[in-house]
Amino acid sequence: MTTTYAALLRGINVGGAKKVPMAELRTLMEGLGHSGVRTYLQSGQAVFTTGHGDEESLAAELTAAIEKHFGFGVDVIVRDHAYLAAIVDACPFPAAELEGKQLHVTYFSAGVDADRFAAIDQPAFLPEEFRLGDRALYLYVPDGLGRSKLAEQLSKPRVNKGLIATSRNWNTVVKLVEMTAAQ
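Described below are features of the structure shown in this document. (Residues numbered from 1 in each chain as written. Predicted model: local features only at pLDDT ≥ 70, side-chain atom pairs only at ≥ 80, totals over all residues. Heavy atoms only, no water.)

### Regarding the packing of helix 3 (residues 81-89) against helix 6 (residues 170-181)
- In the contact formed by helix 3 and helix 6, the axes pass within 9 Å of each other and the chain directions differ by 140°. Viewed along their axes, helix 3 and helix 6 adopt a mutual orientation that is oblique. The hand of the helix 3/helix 6 crossing is left-handed. Taking contact as the criterion, the partners of His81, Leu84, Ala85, Ile87 and Val88 in helix 3 are, on helix 6, Trp170, Val173, Leu176, Val177, Thr180 and Ala181.
- Looking at the contact of helix 3 with helix 6, its residues break down into nine nonpolar, two polar and no charged. (Axes fitted to C-alpha atoms, helices over the stretch in contact; angles between N-to-C directions. Helix = DSSP H or I, 4+ residues; strand = E, 2+ residues; numbered from the N terminus. Parallel < 35°, antiparallel > 145°, perpendicular 65-115°, else oblique. Left-handed = near helix turned anticlockwise from the far one by under 90°. Contact = heavy atoms within 4.5 Å. Nonpolar A, V, L, I, M, F, W, Y, C, P; charged D, E, K, R; others polar.)

Okay, structure coming up:
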């Protein structure tokens with residue numbers, strides 16, 4: 001039985017660092033035995049189908065292959081279509097009424113609980129807000145991520161300690177659901 005997944009690579013092709021050409025990434029993933037490999041944008045999303053492994057082992061395999069091929073480490077989170085679709089369905093914000101740049105999802109490598117974020121004074125950042133989901137955090141930033149003071153707090157190492165965390169805007173979140181459903 002095969003499953004379609006999305007691989008989310010953290011921090012590549014940003015500001016000239018950790019250059020990973022998408023054509024090379026596709027070839028690398030095909031060499032690992034995955035089929036139907038497609039990439040989306042240059043910021044580190046790949047969709048693929050495979051009959052072996054689970055999310056954690058596939059992420060570890062891809063992380064090791066990228067380090068061997070490109071010579072630097074990249075954190076990778078792998079999630080299947082059902083998970084990605086559930087994240088969209090569970091969105092606590094009115095996504096249909098918002099611009100893609102106003103809503104983001106941070107995917108985590110493991111589950112998180114509210115205690116991790118207890119030191120963040122949410123009312124102080126209004127109208128920006130966040131809500132927790134299944135290994136994810138939904139972030140509403142009406143003026144975009146680049147100007148968000150709340151996003152700055154949420155990305156601090158003390159908040160994400162022990163986790164891989166990578167964020168995508170809502171347009172990308174929805175596109176990954178579509179791409180993983182199409183295979």
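We are not done yet, so read on.
### Things to note about the environment of Gly162
- Counting through the fold element by element, Gly162 comes out in the loop between helix 5 (157-160) and strand 8 (165-169).
- Counting along the chain gives 137 residues from Gly162 to Leu25, while the straight-line C-alpha distance between them is 26 Å.

### Side note on the sheet that holds strand 8
- Within the open sheet, the four strands sit side by side as 6-7-5-8. Their pairing is antiparallel. Looking at which strands have only one partner, the edges of the open sheet turn out to be strand 6 (129-133) and strand 8. Going across the sheet, the axis of each strand differs from the next one's by a mean of 20°, ignoring polarity.
- Where strand 5 (residues 103-108) and strand 7 (residues 136-140) come together, five bridges link them in antiparallel fashion. If you follow Thr106 over to strand 7, its bridge partner there is Leu137. (Pairing = 2+ DSSP bridges.)

### Description of the pattern of salt bridges
- Taken as a whole, this structure holds five salt bridges when the rule is applied.
- Across the pair Glu55 and Arg79 runs a salt bridge, and its minimum N-O distance is 3.3 Å. Within this pair, whereas Glu55 is found in helix 2 (residues 55-70), its partner Arg79 is found in strand 4 (residues 76-80), the two being separated by 24 residues in sequence. Both residues of the pair, Glu55 and Arg79, belong to the buried class.
- Among the ionic pairs, Asp134 bridges to Arg135, the shortest N-O distance being 3.6 Å. (Salt bridge = Lys/Arg side-chain N within 4 Å of Asp/Glu carboxyl O. Buried < 20%, exposed > 50% of the residue type's maximum accessible area, 1.4 Å probe, protein only.)

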